[in-house]
Amino acid sequence: MIIRLADCPSQPWKNGLGRTREIAVHPTLAHGDDFDWRVSIAEVDSAAPFSLFPGIDRQIALLDGAGFTMTLDDGRIHALTTPFAPFAFPGEAKVTVALAGGPTRDFNLMLRRARVRGEVQAWTEAGTRTMAAGTALVFCARGAIDTADGQLQAGDAWRPDAAGAVEITLHDATVALVVRVEAVAG
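What you see is a predicted model; the values in this text were computed from it and never measured. (Residues numbered from 1 in each chain as written. Predicted model: local features only at pLDDT ≥ 70, side-chain atom pairs only at ≥ 80, totals over all residues. Heavy atoms only, no water.)

### Some remarks on the pairing of strand E13 (residues 135–142)
To keep it simple, the criterion reads: Summary of the burial criterion: residues with accessible area below 20% of their type's maximum are buried, those above 50% are exposed, and those between are partly exposed, where the area comes from a 1.4 Å probe applied to protein chains only. Helix and strand assignments come from DSSP, with helices taken as H or I runs of at least 4 residues and strands as E runs of at least 2, each series counted from the N terminus. Two strands are counted as paired when DSSP detects at least two bridges linking them.
Across the eight residues of E13, seven count as buried, placing the element largely inside the fold. When E13 meets strand E18 (residues 175–183), the two strands line up antiparallel, connected through six bridges. Residue pairing in the sheet places Val138 in a bridge with Val178 of E18. Bridge count between E13 and strand E16 (residues 157–158): two bridges; the pairing is antiparallel. Each bridged residue has a counterpart across the sheet, and for Phe139 the counterpart in E16 is Ala157.

What follows is the structure in structure tokens.
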């Protein structure tokens, strides 16, 4: 299934201090805090603190703009200024930001720690790739990607059919953010 960013309405952050567009959520009808995993695109245009998500593991990657510096309440400081480089942190961490210069957009993966684990990988090499088991979503950050359901352009996402291995083809100068998710054993 192809998901077009233009079809994902902008909504306020959980803390009301920013805006986000939910790209995908699992289970599909999950609302608020009852998801297993969630992917969204956040618009950061001020130094507002991040929303708190206790029990959630988060990964974030810069899409557009100069980025920002994140200061976590455990003392870590991370400059989210390199496009498409995922950074992981706990959702219950208090995070403040200092913009590096102007508004930014970032890619967010949220994983309910007790139920699932996962990762975001940035693929930049042109050519055909076989999707690994557990691939939940492919986001076209730049360029174009051919999928079994059609072509993705920048801002589009694709949720592959869960049955069997499939291939995607990245065109030249393309960046794909690939989300893998698996259930936690137990």
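### Concerning the sheet that holds strand E15 (residues 150–153)
Quick note on the threshold: The axes are straight lines fitted to the C-alpha atoms, using for helices just the contacting stretch, and the angles between their N-to-C directions are given from 0 to 180°.
The four strands are arranged E12-E17-E14-E15 in an open sheet whose pairing can be described as antiparallel. A strand with exactly one partner marks an edge of an open sheet, and here the two such strands are strand E12 (127–130) and E15. Adjacent strand axes in the sheet meet at a mean angle of 25°, parallel and antiparallel pairs treated alike.

### Notes on the pattern of salt bridges
The line we're drawing: The term salt bridge refers to a side-chain nitrogen of Lys or Arg lying within 4 Å of a carboxyl oxygen of Asp or Glu.
Going through the model one piece at a time under the given rule, you end up with ten salt bridges. A salt bridge links Asp57 to Arg113; the shortest N-O distance between them is 2.8 Å. One end of the pair, Asp57, is in strand E5 (residues 56–64); the other, Arg113, is in the loop between strand E10 (104–112) and strand E11 (116–123), with 56 residues separating them in the sequence. Residue Arg113 is classed as partly exposed on the basis of its relative accessible area, which comes to 31%. A salt bridge links Asp74 to Arg76; the nearest nitrogen and oxygen atoms lie 3.0 Å apart. By relative accessible area, Arg76 is classed as partly exposed at 34%.

### Brief notes about the side chain of Thr135
The cut-off we apply is this: Any pair of nitrogen or oxygen atoms within 3.5 Å is treated as a polar contact; in protein, a donor-acceptor pairing is required on top of that, and neighbouring residues in sequence qualify only through side-chain atoms on both sides. Two residues form a contact once any of their heavy atoms are found within 4.5 Å.
You can see Thr135 is positioned in strand E13. Of note is the side chain of Thr135, whose polar atom sits 2.7 Å from the backbone oxygen of Ala132. Aside from chain neighbours lying at most four places away, what touches Thr135 is Pro160, Val178, Val179 and Arg180.

### Things to note about the packing of aromatic side chains
The condition that has to hold: Between the rings of Phe, Tyr and Trp (Trp by its six-membered ring), a pair exists once the centres lie within 6.5 Å; its type follows the angle of the planes, with under 30 degrees stacked, over 60 edge-to-face, and the other angles tilted.
Taken as a whole, this structure holds five aromatic pairs when the rule is applied. Plain terms: the ring middles of Phe50 and Phe89 are 6.1 Å apart, the flat faces sit at 45° to each other, and that makes the pair tilted. Of the two residues, Phe50 sits in the loop between strand E4 (37–44) and E5 while Phe89 sits in strand E8 (residues 87–90), which places them 39 residues apart along the sequence. Phe89 matches Phe50 in its accessibility class, with the two residues each being buried.

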